[in-house]
Amino acid sequence: MKNNQQLGIGTGSGTLLSAMGFIGGHDVLKTVALAAIGAVVSFVVSWLLQRWRR
């Protein structure tokens, strides 16, 4: 079991590190900004629906 877990961690880490060469810093910032906007919109819509349901 431990060997399988180490193999999975090693494979996942290697995949992420190899993908980092293709992803630019601008793309990461854009993704972070879009994720933040999506989280805020989701929170506001949930909050409004809860208030509307009462």
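Everything in this summary refers to the structure shown in the same document. As the structure is a prediction and not an experimental result, all values here were calculated from the model. (Residues numbered from 1 in each chain as written. Predicted model: local features only at pLDDT ≥ 70, side-chain atom pairs only at ≥ 80, totals over all residues. Heavy atoms only, no water.)

1. A look at the overall build of the chain
Looking only at helices and strands, the chain features 2 helices and 0 strands. The globule rule puts the C-alpha radius of gyration for 54 residues at 10 Å, and the 19 Å found for the chain is more than 25% above it. In the chain, buried positions account for 0% of the 54 residues. Counting every atom, the chain has about 5200 Å² of accessible surface; 69% of that belongs to carbon and sulfur. (Helix = DSSP H or I, 4+ residues; strand = E, 2+ residues; numbered from the N terminus. Rg over C-alpha atoms; globule rule 2.2 N^0.38 Å. Buried < 20%, exposed > 50% of the residue type's maximum accessible area, 1.4 Å probe, protein only. Areas by Shrake-Rupley, 256 points an atom, 1.4 Å probe, with all protein chains shown as cover.)

2. Structural notes on the environment of Val32
Relative to the elements of secondary structure, Val32 occurs in helix 2 (residues 25-53). A relative accessible area of 53% means that Val32 is categorised as exposed. Taking the C-alpha atoms as reference points, Val32 and Phe22, 10 residues apart in sequence, are found 17 Å from one another.

3. Observations regarding a nonpolar patch on the surface
A cluster of nonpolar side chains, namely Leu34, Ile37, Val41, Val45, Leu49 and Trp52, defines an oily patch on the protein surface of about 670 Å² accessible area. Tracing the backbone through its elements, the reader meets Leu49 in helix 2. (Patch = residues over 30% accessible without salt bridge, like charges linked within 9 Å, V, L, I, M, F, W, Y side chains within 5 Å. Salt bridge = Lys/Arg side-chain N within 4 Å of Asp/Glu carboxyl O.)

Function cannot be read off these values alone, since they describe shape.
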